[in-house]
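Commentary on secondary and tertiary structure
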Amino acid sequence: MSHKSLQKKLPDPSPLDEIQQELEPLVTEPGKAAVLLDLDGTLAPIVPRPEDVTVPPQVLRLIRALTHSYLVVAIVSGRSANAARRIVGNAELAYIGNHGFETMIPGHATVVSEEVQPYLAAMGELTNRVSLEARTEAGIWLEDKTTTLSYHYRRAPDRDAALDFIREKIIPEAKRLGLKTSDGRMVVEIRPPVEINKGVSVGNLLDRLSASRAVYTGDDTTDIDAFKELRQRRRRKDNVMINVGVISPEMPKTLPRYCDLMVARTSGVESLLQILAGEEP
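Reference entry: report on the structure contained in this document. (Residues numbered from 1 in each chain as written. Predicted model: local features only at pLDDT ≥ 70, side-chain atom pairs only at ≥ 80, totals over all residues. Heavy atoms only, no water.)

1. With respect to the sheet that holds strand β6 (residues 141–144)
On the basis of which strands lie adjacent, the open sheet formed by four strands has the order β6-β7-β9-β8 and antiparallel pairing. Strands with a single pairing partner mark the edges of an open sheet, and in this sheet they are β6 and β8 (180–184). Each strand of the sheet is rotated relative to its neighbour by a mean of 20 degrees, with strand direction disregarded. Relative to strand β7 (residues 149–152), β6 is paired through four bridges, and the arrangement is antiparallel. Its bridge partner being in β7, Leu 142 is matched across the sheet by Tyr 151. This element, helix α6 (residues 159–176), spans β7, β8 and β9 (187–191) of the sheet and lies at about 5 degrees to β9. (Pairing = 2+ DSSP bridges. Helix = DSSP H or I, 4+ residues; strand = E, 2+ residues; numbered from the N terminus. Axes fitted to C-alpha atoms, helices over the stretch in contact; angles between N-to-C directions. Contact = heavy atoms within 4.5 Å.)

2. Some thoughts on unusual backbone geometry
Phi is positive for Asn 98, close to 50 degrees, though the residue is something other than glycine. Counting through the fold element by element, Asn 98 comes out in the loop between β3 (94–97) and β4 (102–104). Phi at Ser 210 takes a positive value of approximately 55 degrees, unusual for a residue other than glycine. Take Ser 210: it is sitting in the loop between α7 (198–209) and β10 (213–218). Taking the relative accessible area as the measure of exposure, Ser 210 reaches 61% and is therefore exposed. (Buried < 20%, exposed > 50% of the residue type's maximum accessible area, 1.4 Å probe, protein only.)

3. Quick notes on the sheet that holds strand β2 (residues 72–76)
Across the sheet, eight strands lie side by side as β5-β4-β3-β2-β1-β10-β11-β12; this open sheet has mixed pairing. Pairing within the sheet leaves two strands with one partner each, and these edge strands are β5 (111–112) and β12 (261–264). Of the strand pairs in this sheet, β4 and β5 are connected by two bridges, and their pairing is antiparallel. In the strand pairing of β5, Glu 102 is matched with Val 112. On the sheet, helix α9 (residues 265–276) packs against β1 (33–37), β10, β11 (240–247) and β12 and is oriented at approximately 120 degrees with respect to β12.

Listed below in structure tokens is the structure:
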């Protein structure tokens, strides 16, 4: 997605009393509820260098508090599960990494989906077909996560030119290798063409735990799959499923239509976590 196509008029955040009212079923019975959180742009502000991202200490404190009362707190990230755990620094959480290709449950090693294995060689070949020199000249930084590849162009001197390079030089090669592409916030993701995404993995986790209540908070295109999954589950009797979108200038313009609530940036997410923790925001 070109940054030119992102919506210019941002939605307003949901009123605090509306957020409290919507979350009340989860707060009153946390032992039945799952708290599902995207990482970059949700718990942590977006930064020019993805390797420099940090989660604010007050947010980490709230996450620790939630793990002691809720059925599960899970980080659902485009990063690898190991990288997400390293950033958050909490081994008590569940981690869904690489947009759903990896799952790490507390006390267990990371499990990589078997469906991904046949495509790992193609992922490696793609990194070799487009040289480091060419990517560097275009201002593109490759984040190689083994099961997925992320081509970042946030730091490029000319972002439009960098995105054109990705579309003309990288995406055609990826498609020739049978791989799938998707757009995010100043990044193009390459992944195996299997029906696994954040929504599928979130659904599997909720089924595994028999969770009848959940809140998912996210800010980007890949989070929409999780929002759709929760909306489908809302149709089941006694299920309470809440989608929370994070407002930012770079948010996909389609995001709000899948959300029940909207919060402003990571500061709004902090207030959301305070409500879930029973604290006054």
